[in-house]
Amino acid sequence: MKLGIVGLPNVGKSTLFNAITKAGAESANYPFCTIEPNVGVVSVPDERLDKLAEMYNPEKYTPAVIEFVDIAGLVKGASKGEGLGNKFLSNIREVDAICHVVRCFDDPDVVHVDGSADPERDIGVIDLELILSDMEIMEKRIDRTKKMMKGGDKSYAAELAVYEKIYDCLAAEKPARLLEFDDEELAFTKDLQLISLKPVLFCANIAEDDIKNPDIPYVETVRKIAAESSSEVVVISAKIEEELGQLEPEDRQMFLDDLGIDSAGLDKMIKASYKLLGLISFLTAGPQEVRAWTIKNGTKAPQAAGKIHSDFERGFIRAEVVAYDDLVNCGSMAAAKEKGLVRSEGKEYVMKDGDVVLFRFNV
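Just so it is clear, the model here is predicted, and its values are computed rather than measured.

With that out of the way, let us pick up the nonpolar core. Of all hydrophobic cores here, the largest spans 70 residues; its most connected members are Phe68, Ile92, Ile98, Cys203 and Met269. For this core, the element with the highest residue contribution is helix α10 (residues 265–277), accounting for seven residues. For cysteine 203, the contacting residues outside a window of four places in its chain are Cys99, His100, Val101, Val102, Val234, Ile236 and Met269. By size, the runner-up hydrophobic cluster in this structure holds 15 residues, among which are Ala301, Ala304, Val321 and Tyr349.

Applying the stated criterion across every chain, the model contains four aromatic pairs. In this structure an aromatic cluster arises from ring pairing among Phe282, Trp293, Phe316 and Phe359. For the cation-ring pair, arginine 291 lies above tryptophan 293, with the distance from its terminal atom to the ring centre recorded as 4.0 Å.

This paragraph deals with the sheet that holds strand β5 (residues 97–103). Within the open sheet, the six strands sit side by side as β2-β4-β1-β5-β6-β7. Their pairing is mixed. With one partner strand each, in any of the chains shown, β2 (38–43) and β7 (232–236) form the two edges of the open sheet. For this sheet, the mean inter-axis angle between neighbouring strands, taken without regard to orientation, is 25°. In terms of strand pairing, strand β1 (residues 2–6) meets strand β4 (residues 65–70) through four bridges, oriented parallel. The residue bridging lysine 2 from the neighbouring strand is glutamate 67, located in β4. Helix-sheet contacts for α10 involve β1, β2, β4, β5, β6 (200–205) and β7, and the interaxial angle to β7 is about 175°.

Reading the values: the criteria
Residues numbered from 1 in each chain as written. Predicted model: local features only at pLDDT ≥ 70, side-chain atom pairs only at ≥ 80, totals over all residues. Heavy atoms only, no water. Core = buried A, V, L, I, M, F, W, Y, C linked by side-chain atoms within 4.5 Å. Buried < 20%, exposed > 50% of the residue type's maximum accessible area, 1.4 Å probe, protein only. Helix = DSSP H or I, 4+ residues; strand = E, 2+ residues; numbered from the N terminus. Contact = heavy atoms within 4.5 Å. Phe/Tyr/Trp six-rings, centres within 6.5 Å; stacked < 30°, edge-to-face > 60°. Lys NZ or Arg CZ within 6 Å of the ring centre and 35° of its normal. Pairing = 2+ DSSP bridges. Axes fitted to C-alpha atoms, helices over the stretch in contact; angles between N-to-C directions.

Here's what the structure looks like:
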């Protein structure tokens, strides 16, 4: 999974990126200090995997990972090349989802590109630039499809109808993700790489002093905007995340307890990202390795097996499955089998989050 971190300059993107990846991306109090996108790979925290590691004491421990891409601050006019905008927009097209950092704090010492924090205006600036960039792509696609139809080939009519539906939405200054598509229409959108079609996770970046009472008017504005497009919202303080990133694991929980919060912003971002993209994890466990595998919710057993190796999918026989809670409560796979909690599932089995699986295959 690849998440692109976007937002106006000086909203806390690079500070957040530093905190969650410990990659040391430059963070400064002026626009465009990020020129090339910084990329960091983050392990997905999973207490289930930790517990399985205690049970099996494996040679290898492999969590799922998320790739974060810190994309330079977009500004008004980015779709026309302002602030090196075109280059940055092309970087966003390659991600699975957008993490839009919104400044929800006032600080005279941190310059805002438009003079003051205003979440509604700031979100609008970014959305409009993404929409304008997508409109340019759709204009070219519509022109090309119309030319193909001039030869008398009517098979392009359905395709053109979808493209015009998208263009009309964009022309009304609304992101394409607000549209609904049936399966046939959806097929025509697959290769478009439209930015405004990507799911969005809004990160409301609040001041450290607001962390105990985060329901401030700025955050409520972000939540209202997110609800209009069924987007997810997490409330974080990039400065606190930065401090957490510098602590040892045992000190982090103590720091969180002192602040009176139950989990770090990174954990909240990852959970929200999984929900946004419809992802779940299944687990494999043994003395060689315990590992988490990320799949789409609704994936059937053979396709899940294919995540491990294509041979597993090609020669799939069955999946031996036990729910994580059942395995932990029993203490071992042998004990779970004795209690009849290990099931033999076939090709139509739909994987569930937390399934601990052994795939049987033959090629």
